[in-house]
Amino acid sequence: MTVTAVAPARRARLDLSWPVLIGFALILCALIVLPMSWLVYFSVTDKGHFTLANFVKLATDPTFIDPLVTTVILATSSAVICCAVAAPMGWLIARTDMPLRRTIRALVTASFVTPPFLGAIAWELLAAPNSGLLNQAWRALLRDPQAEPLFDIYTLPGLIFVVSCYTFPYVFVLVANALDRIPGDLEDASSILGGRTWTTARRVTIPLALPALLAGALVAFLQAMTLFGSPAILAIPAGFHTMTTKIWSLFQYPPKLELAAAASLPLLVLTVLLLRAEHMILGRRSYALVGGRQSDPRLVRLGAWKWAALGFAFLVLLNPVFLPYGALLNAAFSRVATQIVSFGNFTLRNIEFVFFELSATKLAVRNTLILGVSSATVGTLIAVVISYVTARKAIAGWRALAFLATAPIAVPGIVLGVGLFLSYTRPPFVLYGTLWILLVAFVTIALPAAYQQLQAAFRSVSVDLEEASRILGATRLQALAHITAPLLRTSVIATWCFIFVGVIRELSAAIILFTSETKVISVLIFDLNESGDLGAIAVLGLIMLVITFAVVIAINRIPGFGAIRLRNA
Amino acid sequence: MASVELRGLTKRYGDLAVVDDISLRIDHGLMVCLLGPSGCGKTTTLRLIAGFVEPSAGEIAVGDRVVSSPARTLPPEQRNMSMIFQSYALWPHMTVADNVAYGLKLRKLGKAIIAQKVNAMLTVTKLDALASRYPGELSGGQQQRVALARALIVEPETLLLDEPLSNLDANLREEMRFEIRRLHDEYRYTTVYVTHDQSEAMTTADIIAVMNQGRIEQAASPEEIYDRPRSEFVARFIGSSNIVKGRARDGDHVEIAGTALRCIGAKLTAGTETAVSIRQHDVYIMLEEPSGLENMLPATVTRHVFLGNSRDYMVELADGTALRVVASADQSVAQGTKVWLHLPPLRCRALMS
């Protein structure tokens, strides 16, 4: 047989891979590369001239050195406290027969989704030196109205405490998940060789969970370091600054943008380094998963101690969940935010004020919903395309797209805010003062997590499933529409909800980028805190929590979608 | 009629040639097995034929049209092939009937015709009772049959199978092996079958292509591969052979443990290192040296296992070389006995290195 003919030319089919690559690379550049470039440019210039003066000032001026020291103390102590609390909690919940384990896990999730700035405001209600509910109770107990307050939340220890409350879930989730995944076989193997319960725990279980704890400590450090809301609420009235509040103060009149840019860079560099360290630690953790079929974890019997354990767990949860939520609920329905609700002072006044008198509410709720829906939609769309391209290695250059999509994870919200402010207040892109700049910020912040989730989802859909459709005659697009899309639907919806929740609670980038016309709920709460309107805050905060919990519960109803990771606001 | 021809087919990833200059012609209606250890390039070859991978050099022709070359590769959907994946790749969100009907729907056939064809195919593959189940609710063997039904219903010119039986248990594997061969004989498409299991290849294929490190070591009928392996690799891979190494003395003698063995097979050059293969059941154990027989080697029995219908001996030559011998169950020789081995010259094959 002679073989001469060449296959007929393919049906005229536009090769879309280059336009897609370039298009999405440009989008990602606008989201992340441009702001970071301006940030670096501004940090080394003064009115257009190259200079290192900004960094010199940063390194010599005590008004910059003090916040830096404060931030390091805050982050280190929070990380230590979080580990000290989260490790035993994680072990109790993943590895013992303590009662109510599921409930406690759910409650930790609740502290996870609480915006930290809201938690900080709640703790103002509880532990402000004079009016705080706990201090009032203390004085009542001593029967001495002039007694020194028991707690003062407006101090560095107070700030460390509040930050730890809302950072500890990160460590908890990492440790508990790691402990969940250690197969019981490994412990059984130790017992059969003669290891007693505690020997086994000490020699096998704990070493296997240690990398997760270490990574948790790094994450906690990172969260505490980049947090804006809690320090702004607690440190500024107390008269000290952290790096994030210092950067924010440089935006107040008269703005010192170059200094703000320079002050942002140490945060950025530290974040990158810590994330690399976390990656190295967690990257090696895979040895915990070696082996064939996994057996269920073996639960340690606590005996009578289980009630003590339960008491410990509830005592811990008092701080991030029960007390703050109680204080907020109380404030929402009380004439005076720091008085316990009674028949005498029960009121719906705050609700009325927020919904009918406060002119900013309508605007803020509208803006928040618009931004929530649009950021979630745009973010999901970008994440779907990029994760498809990278999971299937569909076009050359996918590595670059993957890198750009994950890069924002290393940019603290406030640093991104500064970068975007510098990028989009000047021609050709004047977005400042519009909702667009907030959209850009929120999409950028949400992108890494959304991308990672969807990429995992794409990976879980075997290429074979698409190829089986191709070989039976489906084009690439048909295979996507018939096979991949239906299989990924739940992940896509979950990602959308996840971004939506993240946007609702975002404060640190919004605080730099908002104008009076583009306020969102979180910024409004922050403003009301400055004017001392705590009852209104409580109402707004509860609205925010209701929306958030509704969406979180909806996500958890979606089968096959487990722990969610939220970023601190 | 669609023969499949690979000409100088090569696939490189970076510097590594996963498929290295393969040429093979498969006439229409034949069933070819690509046989080899994991990493030998057999699956990549299959994916090249399917069009999922583009060749770095060489080309693939189906009938008289070139479907793959470095310049242009016809996308898989335009090749009129079907494939059965190792994972089966059944779509978990579609019922058995939907899975099977998919290819027909893409061909825009009428609803009535589709229903009729699907029913017929489900009956042939004994799946009619399971039509409305989802793949997750089926056993491994049932899933396998769905994959088969889905691939066959579009009446492909070429059927590709990627280790289709490796996820089944032993009994089912044997059964499906004959089922695949039966369906092949019934529909007479060209089949390319990838496996690492030599008995699977022996029982199903018309031609076996033994692959190693991206190349085809030998492509021939199962009998030919079994009786006349051309290389050491093929002899070892097909199994149940002893491979002994020695130095060629002349054109047809190889010196092993001090004795010159007469061999058939590759032409030898005196003085070169040469491997000789002989089947385990072609070696005879004798208690005394007979006169007038060539190819006799002194040895010691080091292990003796009774297997019921045969005995499995391990013997050691004077230079320490170990041989395995399968002998009849009647002949019992105790461990440690000095014996003579007879290696019939017509069974000793000198191999190409």
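Criteria and cut-off values
- Residues numbered from 1 in each chain as written.
- Chains lettered and ligands numbered in written order.
- Predicted model: local features only at pLDDT ≥ 70, side-chain atom pairs only at ≥ 80, totals over all residues.
- Heavy atoms only, no water.
- Helix = DSSP H or I, 4+ residues; strand = E, 2+ residues; numbered from the N terminus.
- Buried < 20%, exposed > 50% of the residue type's maximum accessible area, 1.4 Å probe, protein only.
- Areas by Shrake-Rupley, 256 points an atom, 1.4 Å probe, with all protein chains shown as cover.
- Axes fitted to C-alpha atoms, helices over the stretch in contact; angles between N-to-C directions.
- Parallel < 35°, antiparallel > 145°, perpendicular 65-115°, else oblique.
- Left-handed = near helix turned anticlockwise from the far one by under 90°.
- Contact = heavy atoms within 4.5 Å.
- Nonpolar A, V, L, I, M, F, W, Y, C, P; charged D, E, K, R; others polar.
- Buried area = accessible area lost by both parts, 1.4 Å probe.
- Salt bridge = Lys/Arg side-chain N within 4 Å of Asp/Glu carboxyl O.
- Phe/Tyr/Trp six-rings, centres within 6.5 Å; stacked < 30°, edge-to-face > 60°.
- Lys NZ or Arg CZ within 6 Å of the ring centre and 35° of its normal.
- Pairing = 2+ DSSP bridges.
- pLDDT = per-residue confidence, 0-100.
- 1 Å grid on protein atoms, 1.4 Å probe; cavity = no way out; pocket = protein on both sides within 12 Å on 5 of 7 lines; lining within 4 Å.
- Points joined across faces, edges and corners; volume = space filled by probe spheres on them.

S.K.: Please clarify how the overall build of chain B should be interpreted in this entry.
M.R.: Looking only at helices and strands, chain B has eight helices and 21 strands in total. Along the longest, intermediate and shortest principal axes, the C-alpha atoms of chain B span 80 × 50 × 35 Å. Out of the 353 residues belonging to chain B, those deemed buried represent 52%. Accessible area of chain B: about 15,300 Å², with a carbon and sulfur share of 48%.

S.K.: In this structure, what is going on with the packing of helix α5 (residues 116-127) of chain A against helix α22 (residues 521-530) of chain A? I would like to understand it.
M.R.: Describing two packed helices takes the angle between their axes plus the distance from one axis to the other. Residue and element names in this part refer to chain A. Orientation of α5 relative to α22, taken along the N-to-C sense of each, is 25°, at an axis distance of 11 Å. The angle between the axes of α5 and α22 places the two elements in the roughly parallel class. Two packed elements cross with a definite hand, and for α5 against α22 that hand is left-handed. On the side of α5, the interface is formed by Phe117, Leu118, Ile121 and Glu124, while α22 contributes Ser522, Ile525 and Asn529. Here the residues of the contact of α5 with α22 sort into four nonpolar, two polar and one charged.

S.K.: Before we go on, may I ask you to explain the interface of chain A and chain B in this structure?
M.R.: Often, the extent of an interface is quoted as the loss of accessible area upon association of its parts. Taken together, the contact pairs 28 residues of chain A with 36 residues of chain B. For the chain A and chain B pair, buried surface summed over both sides reaches about 2,800 Å², with 62% attributable to carbon and sulfur atoms. Where chain A meets chain B, there are two salt bridges. The residue A:Arg470 makes a salt bridge to B:Glu77 at a minimum N-O spacing of 2.8 Å. Sorting the residues of the side of chain A that touches chain B by element identifies α19 (463-471) and α20 (476-505) of chain A as the ones contributing at least two each. Broken down by element, the side of chain A that touches chain B gets its largest block of residues, seven residues, from α19(A). Here the residues of the side of chain A that touches chain B sort into 15 nonpolar, seven polar and six charged.

S.K.: Before we go on, may I ask you to explain the packing of aromatic side chains in this structure?
M.R.: Aromatic ring pairs are defined here through the distance separating the ring centres and the angle between the ring planes. Summed over the entire model, instances satisfying the criterion amount to 18 aromatic pairs over all chains. For the pair A:Trp38 and A:Phe42, a centre-to-centre distance of 6.0 Å together with 55° between the ring planes defines the contact as tilted. One end of the pair, A:Trp38, and the other, A:Phe42, are both in helix α1 (residues 17-43), four residues apart, so they sit about a helical turn from each other. Classification of A:Phe42 by relative accessible area gives buried; the value is 9%. A centroid spacing of 6.1 Å and a plane angle of 80° characterise the contact between A:Tyr41 and A:Phe42, whose relative ring orientation is edge-to-face. Here a set of aromatic residues connected by ring pairs shows up, and it is made of A:Trp38, A:Tyr41 and A:Phe42. Stacked on the ring of B:Trp91, the Lys or Arg B:Arg150 has its end atom at 4.2 Å from the ring centre.

S.K.: What exactly am I supposed to notice about the pairing of strand β1 (residues 4-13) of chain B here?
M.R.: Here is the key point about a regular strand: its side chains alternate between the two faces of the sheet. Residue and element names in this part refer to chain B. Along β1, seven of the ten residues are buried, which leaves the element largely enclosed by surrounding structure. Pairing of β1 with strand β4 (residues 57-62), which is carried by five bridges, proceeds in the antiparallel orientation. Pairing of Glu5 across the sheet is with Ala61, part of β4. Judged from the seven bridges that link them, β1 and strand β2 (residues 16-26) form a sheet pairing that is antiparallel. Along β2, the bridge assignment pairs Tyr13 with Leu16.

S.K.: Any chance you could explain the pattern of salt bridges here in plain terms?
M.R.: Oppositely charged side chains can form a pair if their charged atoms are brought close together. All names here are of chain B. According to the stated counting rule, one finds 28 salt bridges over all chains in the structure shown. Taking the shortest distance from any N to any O, the salt bridge between Arg25 and Asp27 comes out at 3.0 Å. A relative accessible area of 33% means that Arg25 is categorised as partly exposed. Classification of Asp27 by relative accessible area gives partly exposed; the value is 37%. Between Arg247 and Glu273 there is a salt bridge, and its shortest N-O distance comes to 3.5 Å. Within this pair, whereas Arg247 is found in strand β11 (residues 241-250), its partner Glu273 is found in strand β15 (residues 273-279), the two being separated by 26 residues in sequence. Looking at Glu273, the relative accessible area reads 52%, which means it is exposed. It is possible to trace a salt-bridge network through shared partners that takes in Glu5, Arg7, Arg25, Asp27 and Glu59.

S.K.: Whenever I open this one, the confidence of the model for chain B confuses me. Can you help?
M.R.: If pLDDT is low for a region, its predicted coordinates should not be looked at in detail. Residues and elements named next belong to chain B. Taken residue by residue, chain B gives an average pLDDT of 89. The fraction at 70 or more is 99%. Model confidence for chain B, summarised as mean pLDDT per element, is weakest for helix α5 (residues 170-187) at 84 and strongest for strand β9 (residues 207-212) at 95. Interface confidence for the predicted complex, given as ipTM, is 0.76, next to a pTM of 0.76.

S.K.: What exactly am I supposed to notice about the sheet that holds strand β17 (residues 296-306) of chain B here?
M.R.: Note: strands within a sheet are paired through backbone hydrogen bonds, in either parallel or antiparallel orientation. Residue and element names in this part refer to chain B. The strand order across the open sheet built from five strands is β16-β20-β17-β18-β19, with neighbouring strands paired in antiparallel fashion. Of all strands in the sheet, those bounded by a partner on one side alone are β16 (284-286) and β19 (322-328). Taken over all neighbouring pairs, the strand axes of this sheet differ in orientation by 45° on average, direction set aside. Examined bridge by bridge, β17 and strand β20 (residues 338-342) share five bridges and lie antiparallel to one another. Within the sheet, the bridge partner assigned to Ala299 lies in β20 and is Val339.

S.K.: Any chance you could explain empty space enclosed by the protein here in plain terms?
M.R.: Take a probe with the size of a water molecule and roll it over the atoms, and the empty space left behind shows itself. Residues and elements named next belong to chain B. Applying the stated criterion across every chain yields a total of one cavity of 30 Å³ or more. Estimated volume of the largest cavity: approximately 40 Å³. In this structure, the largest cavity is lined by Met31, Leu148, Leu152, Leu159, Leu161, Ile180, Leu183, His184, Tyr189 and Thr191. Those elements that place two or more of their residues in the lining of the largest cavity are α4 (140-152), β7 (158-162) and α5. In terms of residue count, the dominant contributor to the lining of the largest cavity is α5 (three residues). Of the residues contributing to the lining of the largest cavity, the split by class is eight nonpolar, two polar and no charged.

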